[in-house]
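Listed below, chain by chain, are the residues.
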Amino acid sequence: MPRGKDQAKPFSQLVASFGGFPIEIPLIDFRPIKKNERLQDCLKVLDTYDWIIFTSNVTVNTFFTFIKKEGACFPNIAVIGKKTEKVLRDRGFPVAFVPSAYVAEVFVREFIPHIQKGTRVLIPKGNLAREYIASSLREAGAVVDEVVIYETFMPEESRHKLAKMLDCGELDILTFTSPSTVDHLMEVVKEYGLQDKLKHCIISCIGPITEKKLREYGLPVHAAPSEYTIEEMLKSTIAFLAAEK
């Protein structure tokens, strides 16, 4: 279950390279918000920020639909994740800070030394993003502006496909890359009364927040790698399968 439509194809190729049979059912997709006064105000004073923090490649790509590189004076850039860093570097933007692990808690702990009283930080984000980074940096003395730039939703075409394949027992392994993917799956499961169908599935995920969300629904987590990448999630799933034989 890849994050969204844009992530489905490379995810499927990776699954196939490990000998699996990928089935693409994107559980979330993203759409930019309409450019509003709050966003415009932040973009007008972009050069006054000391840092801008990107927490995903979706955030990067969406942000650049609102702003052109030409003439834009960017602050220092901090990111969470190798893929987010790569997307920015491919656009020609240097990344000044990347945490050792790709979760908000580690990011905050390692980023705090860069914060002084009055440090100005801009955080573009999705409508469902956590506020942990912003609140933690404010406690450390930073002046933080959060601005929602995209909305997260479940593609309607995925809803029926997911219900049908779960009902027929055609999904052996479910993979989750964010809490939102878990929530959207469970919406469908509850709507169609498919709770029992999950008992036969192996469940893998990336990151402690996603794992926590799964356990809140009473679901087991069979594979959760210490390095939060899709490749490591697949490797840990293979290791679980090998151990079960």
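Please refer to the structure placed before this passage.
Here the residue numbers are simple positions, counted from 1 along each chain's written sequence. pLDDT decides what is reported in this predicted model: residues at 70 or higher carry local features, side-chain atom pairs at 80 or more are listed and counted, and totals for whole chains, interfaces and linings draw on all residues regardless. Calculated side-chain values reflect all of the structure's heavy atoms, with hydrogen atoms and water omitted.

### Let's talk about the overall build of the protein chain
The following threshold applies: Secondary structure elements are taken from DSSP: a helix is a run of H or I of four residues or more, a strand is a run of E of two residues or more, and numbering for both begins at the N terminus. The classification of residues rests on relative accessible area computed with a 1.4 Å probe and restricted to protein chains. Under 20% of the type maximum is buried, over 50% is exposed, and intermediate values are partly exposed. Residue contacts are counted whenever heavy atoms from the two residues lie within 4.5 Å of one another. Using a 1.4 Å probe, the Shrake-Rupley method yields the accessible areas, and only the shown protein chains count as cover for residues.
Along the protein chain, the regular secondary structure elements total 10 helices and seven strands. In the protein chain, which comprises 245 residues, the proportion classed as buried is 48%. Considering only intrachain contacts with a sequence separation of at least 6, the fraction spanning at least 24 residues in the protein chain is 67%. For the protein chain, the exposed surface amounts to about 12,500 Å²; the carbon and sulfur share of it is 50%.

### Details of the nonpolar core
Counted only if it meets this: Nonpolar cores were defined as sets of buried Ala, Val, Leu, Ile, Met, Phe, Trp, Tyr and Cys residues, with membership established by side-chain atoms within 4.5 Å.
If you look at the biggest cluster of nonpolar residues, it comprises 27 residues, and the most contacted ones within it are I52, F54, F63, F64, F74, I77 and L88. At the level of secondary structure, the elements contributing two or more residues to this core comprise α2 (37-44), β2 (51-54), α3 (57-63), β3 (76-79), α4 (82-90) and β5 (143-153). Setting aside its immediate chain neighbours within four residues, F74 contacts L46, I52, F54, F63, F64, I67 and F93. Ranked by size, the runner-up nonpolar core spans 23 residues in total, among them I25, L166, C201 and L214.

Everything listed here is a matter of geometry and, on its own, says nothing about what the molecule does.
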